[in-house]
Amino acid sequence: MLKKFTVGSWFTVIAAIAGVVGVIFMLKSSNIDTAYAYKTVNTLTLMGVCGVVLCLLAVWSPTRFGNHDIISTFGSVGAIGLFMAVVGTMISDRVLMIAGLFSYNSQNMVGWRVFYATVTGIVAFVVGSLLLILASFMKNAKAAK
């Protein structure tokens, strides 16, 4: 299977790794302090893990069914949607904390640790989504000879 991989396949694999990193930092930012826990951490974790699984489906499918098949398209689009839904929820749950950190509550060291972990998770999910978008315009498997 690895012999059939192209640049698009490797972008999708790196996107899956970025999704795992995003899930890890999302969980870390939720578990630093109980005051900053996400209300829907289980749903966010499930969405992130499903996005990673869809990335892996988008890597596997072209090696089996050829480039630009419907399964890899569904996997890529689904993973992008799930990653961006997690990013949107992470941002909306942290807006008030971030506003406080940058105005009146700038000495809150726990808040800054949560902020940095949140930003790292968001960046990982966005990078994963961008790599999936790039990979969707490339061939993901070499043609059989």
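In this text the structure is predicted, and so the values were computed from the model without any measurement.

Calculation notes
Residues numbered from 1 in each chain as written. Predicted model: local features only at pLDDT ≥ 70, side-chain atom pairs only at ≥ 80, totals over all residues. Heavy atoms only, no water. Helix = DSSP H or I, 4+ residues; strand = E, 2+ residues; numbered from the N terminus. Buried < 20%, exposed > 50% of the residue type's maximum accessible area, 1.4 Å probe, protein only. Contact = heavy atoms within 4.5 Å. Expected span 1.5 Å × (residues − 1). Axes fitted to C-alpha atoms, helices over the stretch in contact; angles between N-to-C directions. Parallel < 35°, antiparallel > 145°, perpendicular 65-115°, else oblique. Left-handed = near helix turned anticlockwise from the far one by under 90°. Nonpolar A, V, L, I, M, F, W, Y, C, P; charged D, E, K, R; others polar. Polar contact = N/O pair within 3.5 Å; in protein donor to acceptor, adjacent residues only side chain to side chain. Phe/Tyr/Trp six-rings, centres within 6.5 Å; stacked < 30°, edge-to-face > 60°. Lys NZ or Arg CZ within 6 Å of the ring centre and 35° of its normal. Core = buried A, V, L, I, M, F, W, Y, C linked by side-chain atoms within 4.5 Å. Disulfide = S-S within 2.5 Å. pLDDT = per-residue confidence, 0-100.

**Describing the overall build of the chain**
Secondary structure assignment for the chain yields four helices and zero strands. In terms of overall dimensions, the chain has C-alpha extents of about 65 × 25 × 20 Å along its principal axes. Burial analysis of the chain (145 residues in total) assigns 42% to the buried set. Long-range contacts, defined here as pairs at least 24 residues apart, represent 76% of the contacts in the chain between residues at least 6 apart.

**Some remarks on helix α1 (residues 7-31)**
With 25 residues, α1 extends 36 Å from end C-alpha to end C-alpha; this agrees with the ideal 36 Å at 1.5 Å per step. Where α1 is concerned, the buried positions are Gly8, Ser9, Thr12, Ala15, Ala16, Ala18, Gly19, Gly22, Val23, Met26, Ser29 and Ser30.

**Here's the deal with the packing of α1 against helix α3 (residues 70-101)**
Helix packing geometry: the angle between the two helix axes and the distance between the axes. Interhelical geometry of α1 versus α3 gives an angle of 25° and a closest axis separation of 12 Å. Our classification of the angle between α1 and α3 gives roughly parallel. The crossing of α1 and α3 is left-handed. In this structure, α1 contributes Ala15, Gly19, Met26, Ser29 and Ser30 to the contact, and α3 contributes Phe83, Met90 and Arg94. Classifying every residue of the contact of α1 with α3 gives four nonpolar, three polar and one charged.

**With respect to helix α4 (residues 109-136)**
With 28 residues, α4 extends 41 Å from end C-alpha to end C-alpha; this agrees with the ideal 40 Å at 1.5 Å per step. Measuring from the side-chain oxygen of the N-cap residue of α4 to the backbone nitrogen of Val110 gives 3.4 Å; that N-cap residue is Asn108.

**So, the packing of aromatic side chains**
As enumerated under the stated definition, the model contains six aromatic pairs in all. Centroid distance Phe115 to Tyr116: 5.6 Å. Interplanar angle 55°. Geometry classified as tilted. Three or more aromatic residues joined by ring pairs make a cluster, and in this case those are Phe102, Trp112, Phe115 and Tyr116. The ring of Tyr38 has Arg94 lying over it, and the distance from NZ or CZ to the ring centre is 4.0 Å.

**Comments concerning the nonpolar core**
The biggest cluster of nonpolar side chains holds 19 residues, and the ones touching the most others in it are Cys55, Phe83, Val86, Met90, Phe125 and Leu132. Elements supplying a minimum of two residues to this core: α1, α2 (41-65), α3 and α4. Ignoring sequence-local partners within four residues, the contact set of Leu132 consists of Thr12, Ala15, Cys55, Ser76, Ala79, Ile80 and Phe83. Counting six residues, the second largest nonpolar core, distinct from the first, contains Tyr36, Leu101, Val114 and Phe115.

**Focus: the state of the cysteines**
A complete count under the given rule lists zero disulfides for this structure. In this structure Cys55 is a free cysteine whose sulfur lies 11 Å from that of Cys50, the closest cysteine sulfur available. Since its relative accessible area comes to 0%, Cys55 is described here as buried.

**Here's the deal with the packing of α3 against α4**
The N-to-C vectors of α3 and α4 enclose an angle of 155°; their axes lie 9 Å apart at closest approach. When the axes of α3 and α4 are compared, the pair comes out roughly antiparallel. Where α3 crosses over α4, the handedness of that crossing is left-handed.

**A short note on the confidence of the model for the chain**
When pLDDT is averaged across the chain, the result is 87; 91% of the residues are at 70 or more. Per-element mean pLDDT across the chain ranges from 88 in α2 up to 93 in α4.

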